[in-house]
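In case you want the letters, here they are:
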Amino acid sequence: MDADPRSVSQSFGLSVDPLAERPPDRSTEGPAKPSTFIQSLPKSELHLHLEGSIGPDELGELIVRHGGGPVDRARLAQLYKHRDFTAFLDAFKRVTQWLRTPEDYELITYRLMQKLKAENVLHAEVYVSVGVILYRNRDFDAIFEGLERGRQRGERDFGVSLLWIFDAVRHFGVEAAEKVFNKAVQLRERNVVAIGIGGDERLAAPELFRDLYARARNNGLHLTAHAGESSGPQSIFGALDALKAERIGHGLTAWQDRELMTRLAETQVPIEICLTSNLRTGCCAAAERHPLKTYYDRGIMVTLNTDDPAMFETSLCREYQLAQATFGFSDEQLRELAMNSFRASFLPKERKRELLLNF
Ligand SMILES: [Zn+2]
């Protein structure tokens, strides 16, 4: 696949170089620029949505591929400027409507792995919105073959390992989630490691999915859940108690409940922190007010993640840099967070041990 951005500009069929029209690259500015240390840290990413990794370049390619051109780059860029949760969900919908064929999924998987390599991410556990694919009546079995082709090529070319997490959209209801999790069970021998629920937490409590999670667990799948992102601590309790979630996505509101904080510290259930995401969706008002450092100081197992890197114009290195710039994490502490990202992964023990030898 083309690594050269020029070939991307050619695919737009534009006479001017669209790269020249891009907004300034924030990676070259002030505190947002990741240090060499951060760049060189081996990292794993545990909360990353495949569809949220589609940047304007890939989106432009998909639009042209499906006859939706010509591409207006300024308008495309606007899609990435949302400032609250509802606007983000809307943008997510607009981007994913261009994901149609197995080849589209192959392309974005491969491109994601290329970007992960550039961040020195050695392993990723990637959410696929299977709920959205099924909702749109696409041929998921064919799409999965595309996903796997992209993964295999990415692993071969970039040496990044990747496992899939099948994500249901909670506000589509229990029946729709059941279809997603059945697919996960069916494909669990093919790099599908876990299930999750995303979407609008305010519209569907974790308890609704209790039986489905139990069944997935009995079928050898790992369990994650977005919880405490746009809802309070009760949602996190629900993920832990009703779903037996092994990792909590976001967990932003855990600090509001003393008992929950103690429990998270004692059980070491990992929290997948997504700083920029929480700021861009408006779930957290300012970086300094994010509970990351409080969690860390209380001995809770935290990991840093991007959630939807393209949608939120971030990268894993930038998340580490933001954590350091905002909370004063030392390099040694960042190293610990990076080690956590491997410890909290769903990789087999031996593989975790191997990867931790990199530190
Ligand atoms: Zn997420």
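Note that the structure is a prediction, hence the values are computed from the model and not measured.

Cut-offs used in this document
- Residues numbered from 1 in each chain as written.
- Predicted model: local features only at pLDDT ≥ 70, side-chain atom pairs only at ≥ 80, totals over all residues.
- Heavy atoms only, no water.
- Helix = DSSP H or I, 4+ residues; strand = E, 2+ residues; numbered from the N terminus.
- Rg over C-alpha atoms; globule rule 2.2 N^0.38 Å.
- Buried < 20%, exposed > 50% of the residue type's maximum accessible area, 1.4 Å probe, protein only.
- Contact = heavy atoms within 4.5 Å.
- Areas by Shrake-Rupley, 256 points an atom, 1.4 Å probe, with all protein chains shown as cover.
- Lys, Arg positive; Asp, Glu negative; His and termini not counted.
- Charge placed at Lys NZ, Arg CZ, Asp CG, Glu CD.
- Core = buried A, V, L, I, M, F, W, Y, C linked by side-chain atoms within 4.5 Å.
- Expected span 1.5 Å × (residues − 1).
- Arc of directions from axis to C-beta.
- Donors = N, O, S within 2.8 Å, 3.2 Å for Na, K, Ca; no water.
- Tetrahedral: all angles 85-135°; square planar, octahedral: opposite > 155°, others 65-115°.
- Disulfide = S-S within 2.5 Å.
- Polar contact = N/O pair within 3.5 Å; in protein donor to acceptor, adjacent residues only side chain to side chain.

All right, on to the overall build of the protein chain then. Of regular secondary structure, the protein chain possesses 17 helices and eight strands. The C-alpha radius of gyration of the protein chain comes to 19 Å, within 12% of the 21 Å expected for a compact globule of 359 residues. Out of the 359 residues belonging to the protein chain, those deemed buried represent 56%. A fraction of 75% describes how many contacts in the protein chain between residues 6 or more apart in sequence connect residues 24 or more apart. For the protein chain, the exposed area adds up to about 14900 Å²; of that, 49% sits on carbon and sulfur atoms. For the protein chain, the centre of its 46 positive side-chain charges and the centre of its 51 negative side-chain charges are spaced 0 Å apart.

If you look at the biggest cluster of nonpolar residues, it comprises 93 residues, and the most contacted ones within it are Trp164 and Phe166. With seven residues, the top contributor of residues to this core is helix α6 (residues 102-118). Counting residues in each nonpolar core, the second largest holds nine residues, with Tyr127, Leu163, Val193 and Phe342 among its members.

Among the nine residues of helix α11 (residues 233-241), seven are classified as buried, and the element is accordingly described as predominantly covered. Turning to α11, its buried residues number three or more, namely Pro233, Ser235, Ile236, Phe237, Gly238, Ala239 and Leu240. Looking at the packing, one finds that the buried side of α11 touches β5 (222-227), β6 (247-250) and α12 (258-267).

Let us now look at helix α5 (residues 85-96). Over its 12 residues, α5 runs 16 Å from end to end, which matches the ideal 16 Å to within 8%, given 1.5 Å per residue. For α5, the set of buried residues is Phe85, Phe88, Ala91, Phe92, Val95 and Thr96. Projection of α5 onto a plane perpendicular to its axis shows the buried side chains occupying an angular sector of 125°, all on one side. Facing away from the buried surface of α5 by more than 90 degrees, the exposed residues are Thr86 and Lys93. The elements touched by buried residues of α5 are α3 (56-65) and α7 (130-135).

The coordination sphere of the zinc ion, as far as protein atoms go, consists of His47 (NE2), His49 (NE2), His226 (NE2) and Asp307 (OD), spread over 2.1 to 2.3 Å. Bound by four donor atoms, the zinc ion shows angles of 86 to 172° at the metal and therefore irregular coordination geometry. Judged by relative accessible area, which is 7%, His49 ranks as buried.

Time to look at the state of the cysteines. One pass over the full model with this rule turns up zero disulfides. Free cysteine: Cys283, not disulfide-bonded; nearest cysteine sulfur from Cys284 at 8.6 Å. For the unlinked cysteine Cys317, the closest cysteine sulfur is that of Cys274, found at 16 Å. Judged by its relative accessible area of 1%, Cys317 is buried.

Quick look at the side chain of Ser53 now. Topologically, Ser53 is positioned in the loop between β1 (43-49) and α3. With relative accessibility at 4%, the residue Ser53 sits in the buried group. There is a polar contact of 2.6 Å between the side chain of Ser53 and the backbone oxygen of Leu50. Setting aside its immediate chain neighbours within four residues, Ser53 contacts Glu58, Ile108, Leu112, Lys115, Pro309 and Ala310.

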